[in-house]
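# Understanding the architecture of this molecule
If you want the building blocks of each chain, they are given just below.
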Amino acid sequence: MVSKNYFKYRTLFFVIVSALMFLLFYKVPLIGDDVYNLQHREMFNTVQKSFDYVVGQYGNWSSRTIINFFMYLFSTHNIIYFSFITALLFYVLLGSLSKIFNNEKSIYIDICLCLLILLIPFPYFSTAGWIATTTTYLWPIIAAIYAVTPLFVDQRMKGYQYILASLAVIYAANNEQIMIVLLIIYITNIMIRAIKHSINPHYKYNCLQLIFILFNFIYFILCPGNRVRSQLETAKWFPEFSKLNMINKLDIGFMTTGEHILFSNSLLVMLLTLLIFWTHILITSKKYMLASGINLILLVTVNILFDMFILTGHFRVLFTFPKLGLLNHMTITSIVQFLLYCCYIILLVFTYYYGQNSFIYIEMIVLLGGAFLARVALGFSPTSYVSATRTFAVLGFAFLIMCIPLIKKILSKNRKILFVLSIFAIVNMSIFILQIKGIELQKYLPLWTNIW
């Protein structure tokens, strides 16, 4: 039975987190594209101007018509509007995650969700400018999570909720990385439910959502502006890119993705690896501890070595990434890097399985696979290096969501998980605040930025 105070306390915690997000995003400085957009605000500071501008971009720059419409609109007005919408979306995000993962209506699970949200790698959303990157990555990611709730929740929805979810999926899928993940998730989920004859009340509606995503895919493929932009960006940032074949581009996509996962000191990656090990200690057979323990030791060791490299300059040979990928510049070091990435990812997928419900495992691995492929696909972009960490935002959220089932299992046995999450959250929010204050963190970004 749900406590009569449950919804009151849940709302209170969600409002506190949202209010914190409002304050922090209100304080973000104007940098990068935000400055440019503000200086040229006469071009898109009204709904009509913004609409006309992004429609024109479809032919000469980008297929992100819907996403860029909101980016330009909110970049040219008082930042209080941007911070308010961001805070509101965080409330929506928490509500969506609670609806999907908290069937038990446990306030402790909701508290864990609040702490986990504070672990989002916020510096990702500063790389092109706080407003520009947040509106093109963070907002669509949250919209995507809200849109997929009918996939995983069987309870009936009201008419306006179907409309909002449809608008959310159309908006979210306008970001090509998110579109890839949504496409994989919807196809897999619909197929599994059809095979198992486990049709939920939203099955037909979910099929409609898939159609919206497919329309976004066609819209992206047919966009002439994407081809024009690719040619211009190749000449500007990566002239060698035009000579690379498909295998070379996949090579670059995989190597940069693996390098970021293993060497970026990401708190979410560290937390997920720790939670897998912790879950095996508390719940599953001790024989699985070895594999998860090896992965944890591997992650800690390489991050310590990376920190020593940053502080002292030692071990430089371990952190040299070939710009044209492994196959075009094969060395002992790059081969070792490749093997490390493969070992970590394989062990992660393998050890995550034990102790999980099979259906949840499939959903989480599909999410990880979709997010991983969406990041590897960046190897087909000439801006895969200069786009920096924002291209890992989708993958970062995949790791965050994968933590939730593990946290629930640990919470059922040991509430010390709240303390651990609090420590991680405090560290991450401290990094966020330092970034807002303009403290230089560039040297701690992924290693491959150093090749420029």
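First, a word on what this report is: a plain description of the structure on this page. Sequence order as written defines the numbering, with residues in each chain counted from 1. Local features in a predicted model are, by the rule used here, given only for residues with pLDDT of at least 70; side-chain atom pairs are given and counted only at 80 or more, and totals for whole chains, interfaces and linings are based on all residues. Hydrogens and waters are ignored; side-chain quantities use all the structure's heavy atoms.

Numbering of helices and strands runs from the N terminus, with a helix taken as a DSSP run of H or I at least four residues long and a strand as a DSSP run of E at least two residues long. Of regular secondary structure, the chain possesses 19 helices and zero strands. Since a compact globule built from 452 residues should have a radius of gyration of about 22 Å, the 22 Å found for the chain is in line with a globular shape. Referenced to the eigenvectors of the C-alpha coordinate spread, the extents of the chain come out at roughly 60 × 55 × 45 Å. A simple rule labels every residue: compare its accessible area, found with a 1.4 Å probe on the protein chains alone, to the largest value its type can have, and call it buried under 20%, exposed over 50%, or partly exposed in between. Out of the 452 residues in the chain, the part that is buried amounts to 54%. If you take every contact in the chain between residues at least 6 apart in sequence, the share linking residues at least 24 apart comes to 81%. Radius of gyration: C-alpha atoms only; globule rule: 2.2 Å multiplied by the number of residues to the exponent 0.38. What makes two residues a contact is simply this: any of their non-hydrogen atoms within 4.5 Å.

Quick look at the nonpolar core now. Nine residue types can take part in a nonpolar core, namely buried Ala, Val, Leu, Ile, Met, Phe, Trp, Tyr and Cys, and a core is a set of them joined through side-chain atoms within 4.5 Å. Counting 126 residues, the largest nonpolar core has Phe25 and Leu182 as the members making the most contacts within it. It is helix 18 (residues 393-413) that provides the largest number of residues to this core, a total of 15 residues. Phe44, Val54, Met71 and Leu73 belong to the second largest nonpolar core, which has seven residues in total.

Our next topic: the pattern of salt bridges. Any Lys or Arg side-chain nitrogen located within 4 Å of an Asp or Glu carboxyl oxygen qualifies as a salt bridge. Counted under the stated rule, the structure contains four salt bridges. Between Glu104 and Lys408 there is a salt bridge; the shortest N-O distance is 3.2 Å. Taken together, the residues span a long stretch of sequence, with Glu104 in the loop between helix 5 (79-101) and helix 6 (107-117) and Lys408 in helix 18 at a distance of 304 residues. Overall, Lys408 belongs to the partly exposed group, its relative accessible area being 23%. Between Glu240 and Lys323 there is a salt bridge whose closest N-O contact spans 3.7 Å. On the criterion of sequence distance, the pair formed by Glu240 in the loop between helix 12 (224-237) and helix 13 (246-263) and Lys323 in the loop between helix 15 (289-312) and helix 16 (332-353) is long-range, its members being 83 residues apart.

Topologically, Thr134 is positioned in helix 7 (residues 130-147). Residue classification places Thr134 among the buried positions, given a relative accessible area of 0%. The residues touching Thr134, leaving out its near neighbours within four places in the chain, are Phe25, Phe82, Thr86, Phe125, Gly129, Trp139 and Pro140.

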